[in-house]
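Each chain is listed here by its residues.
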Amino acid sequence: FALSRDGISWEEKEVIVLGLPPGMVVLDQEVVLLPDGKYRMYYSSSFKDHDDFAIGLALSEDGVLWNKNEKPVFAPENEWEMGESNGVQEPSVIYDAQEKMYKLWYSALGEKDGKLAFRIGYATSLDGINWKRLKEPVMDTGSDGAWDDVLVSHVNVVKTQGGYHMFY
């Protein structure tokens, strides 16, 4: 955890520990500050009861001390999210206070045309725990030979005045 007033100079404040069992890792976390001043951290991990990558949730009052859910809040369901190595991961989450809705963009590792492929999906939630996802990806891989013909992943979505910008 680090703070910056200008986005250039950073001061490390704390090391955040979620207390996962040995061998488990937290990847690609997204921290959301809610209008009530509380924090939610969405992160990728493989969970004990889950062979695949899934997205977990931890809650915090101050952004330093965290309490994690024991089970993932988002796991692979759609066919395009599954393959030999399944997984939903790399969450990009926005809480839209005007719509009172959480919006989640995520990468999924599944198969396309007999090959492993990362694609990007989208889901919404009223509580940030129970998600309604689209059945098909919102961003697919590029055509053969394109720079993004295999990997469309590490998604980051930013809301702007004119809509949304997706970086991947």
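The rules behind the values
Once a new chain begins, its residue numbering starts again from 1 and follows that chain's sequence as written. Given that this is a predicted model, residues contribute local features only at a pLDDT of at least 70 and side-chain atom pairs are listed and counted only at 80 or more, while totals for whole chains, interfaces and linings are drawn from all residues. Calculated side-chain values reflect all of the structure's heavy atoms, with hydrogen atoms and water omitted. The secondary structure listing takes helices from DSSP runs of H or I that are at least 4 residues long and strands from runs of E that are at least 2 residues long, numbered from the N terminus. Each residue is placed in one exposure class: buried if its accessible area under a 1.4 Å probe, protein chains only, is under 20% of its type's maximum, exposed if it is over 50%, and partly exposed if it falls in between. The protein chains shown are the only cover counted for residues, whose accessible areas, like all others here, come from Shrake-Rupley with a 1.4 Å probe. In this analysis, two residues are considered to be in contact whenever any of their non-hydrogen atoms come within 4.5 Å of each other. Here a polar contact is taken to be a pair of N or O atoms separated by no more than 3.5 Å, where protein atoms must pair a possible hydrogen donor with a possible acceptor and residues adjacent in sequence count only if both atoms sit in side chains. Criterion for a salt bridge: a side-chain nitrogen of Lys or Arg within 4 Å of a carboxyl oxygen of Asp or Glu.

*Asks:* Help me out: how do you make sense of the overall build of the chain in this one?
*Replies:* On a plain count of helices and strands, the chain comes out with zero helices and 12 strands. Going from N to C terminus, the chain has its helices and strands arranged as β-β-β-β-β-β-β-β-β-β-β-β. Out of the 168 residues in the chain, the part that is buried amounts to 40%. Counting only carbon and sulfur atoms, one obtains 51% of the accessible surface of the chain, whose full area is about 10,100 Å².

*Asks:* Whenever I open this one, the environment of lysine 159 confuses me. Can you help?
*Replies:* You can see lysine 159 is positioned in strand β11 (residues 156-160). The residues touching lysine 159, leaving out its near neighbours within four places in the chain, are Ile94, Asp96 and Tyr164. Side chain to side chain, lysine 159 and aspartate 96 meet in a polar contact 2.8 Å long.

*Asks:* Teacher, can you tell me more about the pattern of salt bridges here?
*Replies:* Using the criterion set out here, one finds eight salt bridges in the structure. A salt bridge links lysine 103 to glutamate 99, with the nearest nitrogen and oxygen atoms 2.9 Å apart. For glutamate 99, a relative accessible area of 43% gives the class partly exposed. Taken together, the salt bridges that share partners define one network made up of Asp96, Glu99, Lys103 and Lys159.

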